[in-house]
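Fold and contact review
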Amino acid sequence: PAPPAPAPAPTPPAPEPTAVQNAPAPTQNASAAPALPVQTRVAQPPAPVVPEDELSADPGDKEAVTAAKLQSLRVNLLRIATRLGQSPRNTVVAQVIYRLELAEQLKSGKKQPAAPAGRGSTSSFDRAVALAERKEKDQGADSDLGFSCTILLLGKSGTGKSSTINSLLGENTAAADAFRAETKKVRMVEHKMHGMTLRLIDTPGLQPSSSDISYNSKIMADAKRFTRRHKPDIVLYFDRMDQPARVDLADLPLLKTITATFGPSVWFNAIVVLTHGSSAPPDGQNGQPISYEMYFAQRSHVVQQIIRQAAGDMRLMNPVALAENHPMCRTNRAGERVLPNGQVWMPQLLLLCFASKILTEANSLLNLQEQNAKAAKAAAQQQKVPPLPFLLSNLITSRKPFKLVGDDDDEYDDASDIILGAPSPYDVPKDQQEEMLPPKQVAVPAPDPQLPPSFDGESVGHRYRFLEPQSQWMVRPIVEAHGWDHESGIEGFSVDKGFVVFNKHPGNMSGQLTKDKKDSNVGFEGGVSVHHTKKLVTTAGVDVQTVGKQLAYTARGETRWKFCAVNKIAAGLSASLVGGALALGTKLENRWKVTPGAKLVVSAGAVSANKDVAYGGNCEAILRHSDDPGNPNSSTVGMSFMNWRGDVALGGNAMSSITLGKDTQLTARANLNSRGAGQLTLRATTNERLQLASLGLVPLLAALIGRIRGD
């Protein structure tokens, strides 16, 4: 019984010369074909053109089933192209088959040689062509392909949506008028053609005026409700070929309404149809007529650019097709309407729609969209790396715990409160210390300021006189003398308030807001300290800061333990949220009182987010100059390091302030990092206006000396 089976085999090779007559690879054999699980046979030259049907795949092999289904999509596309009178080597067909081949390679992870001339593997292409011709011969040109396509038509009123429906279906299915809108409600037209089912969802025309946004929104809402029952495969957006370029920008609100209703994904499977395709091109900028191809390219680019703006995705590249529904349009011998470039537009438009539907089915079959979404999400998460150096610097900053008014600083003392030359309270036992009575305080009312007899704008007495409230809210202006507001120099304000929770947990919250002509910054810091014992304190707080164009929300907490008279250790944790990314950090801090009036603070920490870690440390020495508590003069020297992504940054800073006379204070600051960047600042503060004015002569003298020396 075996010989009768292959007896009819010689008949299928009849179309083989037709399938491979343009193939430049006569030496190909079965090894170049896709790895489909077919029956064992001898590798002979005619084997590639005797393809197996997709039903021959082993159901247990998922890869083989997927490959067979993709082959079935190729065959359907080639059969559709043949029934529409298009060649298998049509540009649209070749591009779709190449994309199917590429998608299959990406899904399987196999690397194959580059496809020639925008086409997939020659063997698989020839197999698909041979199988399509065989099925067309066996089943007939009018057989049912089991293929359906639902198309949603959108566009402005008067662009020719209904006329295009009549042209595609070959009958007056939809009422059309050149001077008024005929479609009043959303409806669907179903038609059988070439063994396929075509469903067209016609919608009322949209109005381009910005005053008709509510009208357009109502139409789009009706269309969205209709598409919930009949999900469209393809979207056709209609515009006119002969529309002036200056009118296109007015369509942006209309396109944004479509995007807001259906979402940006509505443009992923959208095709732009330019009606009135036989319109003559206008003159160019130099007054000379431009070619039809150049005019078509310009109109396509303008419409595509506006769609990108409405969708918010500059990567979109929607295909553009032409249509001409005028009864006087030029036709060929078969009675088909032909455009000025010689293209028969109706089969080309239908082929473009069906090819897009096949690509959509291939994406769902290979599940590429989900993979791309996961990859895009992972890439976005990697890109959302918070500014770890900034968060780390904020974490290792030393903060004092809050204390209640009247707390005994003998048992809980900060090293900054110890002044040089004064005996330390830890040097003398508490029972041997002399009792220090607080000085008597006498309330002396301050005299009222002398106000001018009448209101004078130049006098600040009226402007700044106010009664101090009792709510303990401190509101201060943020003054920048060289800011954009030259009249007052006020760029923002700050708010500060202290509070007590349950009459035993002190806290404080402060915030500030600054604004200039371009940027604005918001900052908030609040915290509460819980004194477990006189030597153990826990502080928790929340910070809100502006980082670039985003807000950084940080929750922090640390516990400080004074385990001996001259040493305190603190450990803390933090969690920051910046731009949807979470960063966690930890720190350790040691405060050591070297001598009375001198202290050393060493801190180190690390912050991690999205498998990215930044760590660093800081060492700072502070020395007080005077034993007078009211004298703020001190000197500070610090060193810091930070390592982020293998980049190590070192830095050093120094600050010193001294008092010159009674009313003048001089402050010097300097910093330098390992990258060679540094800063030196010298600031003088005085109440003597003559001395203050004389400092302005320093840059003038420097500039004058530079002119004399020729610098």
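Everything that follows concerns the structure shown earlier in this document.
Everything numeric here is computed off the predicted structure, so don't read it as measured data.

**Considering a nonpolar patch on the surface**
- On the surface, a nonpolar cluster with roughly 900 Å² of combined accessible area is contributed by Trp473, Val475, Phe493, Leu513, Val522, Leu551, Tyr553, Leu577, Leu582 and Leu584.
- Elements supplying a minimum of two residues to the nonpolar patch: strand S7 (473-479), strand S12 (550-564) and strand S14 (581-595).

**Regarding helix H9 (residues 345-366)**
- The end-to-end C-alpha separation of H9 is 31 Å, in line with the 32 Å expected for 22 residues at 1.5 Å each.
- Downstream of H9 by a residue or two, Asn367 has a phi angle that is positive, lying close to 60°.

**Concerning the environment of Gly511**
- Structurally, Gly511 can be placed in strand S9 (residues 505-515).
- A sequence separation of 33 residues divides Gly511 from Val544, and the C-alpha atoms of the two residues are 8.9 Å apart.
- Residues within four places of Gly511 in sequence aside, it is in contact with Phe493, Ser494, Val495, Gly523 and Phe524.

**Describing helix H6 (residues 213-229)**
- With 17 residues, H6 should reach 24 Å at 1.5 Å per residue; the first-to-last C-alpha distance of 25 Å fits that figure.
- The inward-facing, buried residues of H6 abut strand S1 (147-155), strand S2 (187-193), strand S3 (196-202) and helix H7 (252-262).

**Here's the deal with the environment of Ser635**
- Note that Ser635 resides in strand S17 (residues 634-644).
- Between the alpha carbons of Ser635 and Leu623 there is a distance of 5.3 Å; along the sequence they are 12 residues apart.
- Within the local environment of Ser635, its side chain forms a polar contact with the side chain of Ser656, the two groups lying 3.1 Å apart.

**Here's the deal with the sheet that holds strand S4 (residues 234-240)**
- One open sheet holds the six strands; their spatial order is S2-S3-S1-S4-S5-S6, and the pairing between them is mixed. At either margin of the open sheet sits one strand with a lone partner, and together these are S2 and strand S6 (320-322). If you compare each strand with its neighbour and ignore which way they point, the axes differ by 25° on average.

**Side note on the packing of helix H5 (residues 161-169) against H9**
- At a minimum axis separation of 10 Å, H5 and H9 run at an interaxial angle of 95°. Overall, the two elements H5 and H9 adopt an arrangement that is roughly perpendicular. Listed contacts from H9 to Thr164, Ser167 and Leu168 of H5 are Trp345, Met346, Leu349 and Leu350.
- When its residues are assigned to classes, the contact of H5 with H9 shows five nonpolar, two polar and no charged.

**Looking at empty space enclosed by the protein**
- The final tally for this structure, using the stated rule, is five cavities of 30 Å³ or more.
- In this structure, the second largest cavity spans a volume of roughly 80 Å³.
- Taken together, 13 residues form the lining of the second largest cavity, with Leu391, Leu395, Thr554, Ser574 and Ser576 sitting closest to its centre.
- The set of elements that each furnish at least two residues to the lining of the second largest cavity consists of helix H11 (388-395), S12, strand S13 (567-578) and S14.
- Along the lines of polarity and charge, the residues of the lining of the second largest cavity split into five nonpolar, five polar and three charged.

**Comments concerning the pattern of salt bridges**
- With the rule as written, the count across this model stands at 25 salt bridges.
- Note that Asp222 is salt-bridged to Arg225, the shortest N-O span being 2.1 Å. On the criterion of helical spacing, the pair formed by Asp222 and Arg225 is a turn pair, its members being three residues apart in helix H6.
- Take Asp222: its relative accessible area is 25%, and that puts it in the partly exposed class.
- A network of salt bridges, in which partner residues are shared, links Glu558, Arg560, Lys587, Glu589 and Arg591.

**Considerations on the nonpolar core**
- Ranked by internal contacts, the top residues of the largest apolar core, which has 85 residues, are Ile151, Leu255, Ile258, Trp267 and Phe354.
- No other element matches H9, which puts 13 residues into this core.
- Counting 13 residues, the second-largest nonpolar core is a separate cluster that includes Leu391, Ile396, Val547 and Met642.

What counts, and at which threshold
Residues numbered from 1 in each chain as written. Predicted model: local features only at pLDDT ≥ 70, side-chain atom pairs only at ≥ 80, totals over all residues. Heavy atoms only, no water. Patch = residues over 30% accessible without salt bridge, like charges linked within 9 Å, V, L, I, M, F, W, Y side chains within 5 Å. Areas by Shrake-Rupley, 256 points an atom, 1.4 Å probe, with all protein chains shown as cover. Salt bridge = Lys/Arg side-chain N within 4 Å of Asp/Glu carboxyl O. Helix = DSSP H or I, 4+ residues; strand = E, 2+ residues; numbered from the N terminus. Expected span 1.5 Å × (residues − 1). Contact = heavy atoms within 4.5 Å. Polar contact = N/O pair within 3.5 Å; in protein donor to acceptor, adjacent residues only side chain to side chain. Pairing = 2+ DSSP bridges. Axes fitted to C-alpha atoms, helices over the stretch in contact; angles between N-to-C directions. Parallel < 35°, antiparallel > 145°, perpendicular 65-115°, else oblique. Nonpolar A, V, L, I, M, F, W, Y, C, P; charged D, E, K, R; others polar. 1 Å grid on protein atoms, 1.4 Å probe; cavity = no way out; pocket = protein on both sides within 12 Å on 5 of 7 lines; lining within 4 Å. Points joined across faces, edges and corners; volume = space filled by probe spheres on them. Buried < 20%, exposed > 50% of the residue type's maximum accessible area, 1.4 Å probe, protein only. Core = buried A, V, L, I, M, F, W, Y, C linked by side-chain atoms within 4.5 Å.

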